[in-house]
Amino acid sequence: MIEAPEALILSEQLNQTIKGKRISFVSAGYTPHKFVWYYGDPAGYSEKLLHKTVGEAHAYGGLVEVEIEDVRLLFGDGMNICYYAPGKKLPEKHQLLIAFEDESCIMGSARMYGGIWCFPADSFECNFSSYRDGARSKPQVLSDAFNKTYFLSLINSEEKQKKTAKAFLATEQTIPGLGNGVLQDILFRARIHPKTRISTLSDKQKDTLFHCVKDTLQDIYLAGGRNSETDLFGKKGGYIPTLSKDTVGKPCPVCGEDIRKENFLGGSIYYCFECQK
């Protein structure tokens, strides 16, 4: 699923590829998918977008939002967004297809689930609006505004003290765009077990955790995303996670202990028993 580094990459690629193009055709909801959410009736997306010019794309946490004159097009973290040059064969299944006057197009398709919201620029009223507002209003984790002072204000707040390291980092949108997919390597680098209570962390561990958040996500961004994700051109990222479903049972690169997996807080956690006490 798209997390902060991949969302930033996609927004930059959209700005380089489709910004300034005029829309000539729109199809939304072509392939039915029970776990794809739209803003109102997808049949109305063509009327909202047709003959308009694409503006700036932005990354907000794990979301990608595109300005298109008086409307906004928002892609949720479960969507694949792909660009197709003129003349390139298109997949048969998709939840969104937008073609441009130069005969290029972008396509949005969901894996397990996803959201494609097309809405007026000054209004976004739906069940997802609070999630978008949170992602837009907080400092982006890869920006300079997300600094140690801000991070410590989060981790030292009274409400976070009873939470585990996983719950603090990857739930309730405390840090938009930081989810289970990037959590594992952050905690491994920090030598913190996912079930560790925030209240038990020392000041030094908190400092280390901050730097591991920044450094890990920056490394993922510079590598073009994780190898489980694809960019706007269908290219897989170059970042290979140290801890993931692919490394369970394999030796830890630091100590040689087998990487373990458990179910925790509605998802999987991966850790090294020796390195992450």
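- Looking at an unreviewed UniProt entry, the protein carries the name FPG-type domain-containing protein, with the source organism given as Parabacteroides goldsteinii dnLKV18.

## A word on the overall build of the protein
Part 1 of the argument: For the protein, the count of helices and strands is seven helices and eleven strands.
Part 2 of the argument: A compact globule built from 277 residues would reach a C-alpha radius of gyration of about 19 Å, and the protein, at 20 Å, matches this within 12%.
Part 3 of the argument: Over its C-alpha atoms, taken along the principal directions, the protein stretches across nearly 55 × 40 × 35 Å.
Part 4 of the argument: Across the protein, the fraction of contacts at a sequence separation of at least 24, relative to all contacts at a separation of at least 6, is 64%.
Part 5 of the argument: When the accessible surface of the protein is summed, it comes to about 13100 Å², and 51% of that surface belongs to carbon and sulfur atoms.

## Quick notes on the sheet that holds strand β2 (residues 36–38)
Part 1 of the argument: Strand order across the open sheet formed by five strands is β2-β9-β5-β4-β3, with mixed pairing between neighbours. In this open sheet, the two edge strands, each paired with only one partner strand, are β2 and β3 (57–60). Averaged over all pairs of adjacent strands, the angle between strand axes in this sheet comes to 15°, irrespective of strand direction.
Part 2 of the argument: Across the sheet, helix α1 (residues 4–17) lies against β3 and β4 (63–68), angled at about 175° from β3, the strand it touches most.
Part 3 of the argument: Most of the contacts of helix α3 (residues 129–137) go to β4, to which it runs at about 90°, and overall it touches β3, β4, β5 (71–75) and β9 (114–120).

## Some words on the nonpolar core
What tends to happen in soluble globular proteins is that the nonpolar side chains get buried as a cluster.
Part 1 of the argument: Judged by nonpolar contacts, the single largest core of 40 residues is most densely connected at Leu73, Phe75 and Leu96.
Part 2 of the argument: Beyond its immediate chain neighbours, meaning those up to four positions away, phenylalanine 75 contacts Leu63, Val64, Val66, Ile81, Leu96, Ile106, Gly115, Ile116 and Trp117.
Part 3 of the argument: With 27 residues, the next largest nonpolar core counts Tyr150, Leu201, Val213 and Ile220 among its residues.

## Digging into the packing of aromatic side chains
Part 1 of the argument: Applying the stated criterion across every chain yields a total of 13 aromatic pairs.
Part 2 of the argument: Considering the side-chain rings of tyrosine 39 and phenylalanine 119, the 5.8 Å spacing of their centres and the 50° angle between planes classify their relative orientation as tilted. Of this pair, tyrosine 39 sits in the loop between β2 and α2 (45–49) while phenylalanine 119 sits in strand β9; the two residues are 80 residues apart in sequence, bridging distant segments of the chain.
Part 3 of the argument: Taking 6.0 Å as the distance between ring centres and 80° as the angle between the ring planes, the aromatic pair formed by tyrosine 83 and phenylalanine 233 counts as edge-to-face.

## Some details on α1
Part 1 of the argument: Between the first and last C-alpha of α1 there are 20 Å, a value that for 14 residues agrees with the 20 Å anticipated at 1.5 Å per step.
Part 2 of the argument: Among the 14 residues that make up α1, ten are buried, leaving the element largely enclosed by the rest of the structure.

## Things to note about unusual backbone geometry
Part 1 of the argument: The phi dihedral of arginine 191 falls on the positive side, at around 60°, and the residue is not glycine.
Part 2 of the argument: The phi torsion at leucine 265 lies on the positive side, around 55°, for a residue other than glycine.

## Quick look at the sheet that holds strand β7 (residues 96–100)
Whenever strands of a sheet pair, they do so through backbone hydrogen bonds, lying parallel or antiparallel.
Part 1 of the argument: Taken in spatial order, the four strands line up as β1-β7-β8-β6 in an open sheet, and their pairing is antiparallel. Only two strands of the sheet have a single neighbouring strand rather than two, namely β1 (23–28) and β6 (79–84). Between one strand and the next, the sheet's axes are offset by a mean angle of 10°, whatever the strand orientation.
Part 2 of the argument: Where β6 meets strand β8 (residues 105–110), six bridges bridge the pair, whose relative direction is antiparallel. Residue pairing for β8: isoleucine 81 is matched across the bridge by glycine 108.

What counts, and at which threshold
- Residues numbered from 1 in each chain as written.
- Predicted model: local features only at pLDDT ≥ 70, side-chain atom pairs only at ≥ 80, totals over all residues.
- Heavy atoms only, no water.
- Helix = DSSP H or I, 4+ residues; strand = E, 2+ residues; numbered from the N terminus.
- Rg over C-alpha atoms; globule rule 2.2 N^0.38 Å.
- Contact = heavy atoms within 4.5 Å.
- Areas by Shrake-Rupley, 256 points an atom, 1.4 Å probe, with all protein chains shown as cover.
- Pairing = 2+ DSSP bridges.
- Axes fitted to C-alpha atoms, helices over the stretch in contact; angles between N-to-C directions.
- Core = buried A, V, L, I, M, F, W, Y, C linked by side-chain atoms within 4.5 Å.
- Buried < 20%, exposed > 50% of the residue type's maximum accessible area, 1.4 Å probe, protein only.
- Phe/Tyr/Trp six-rings, centres within 6.5 Å; stacked < 30°, edge-to-face > 60°.
- Expected span 1.5 Å × (residues − 1).

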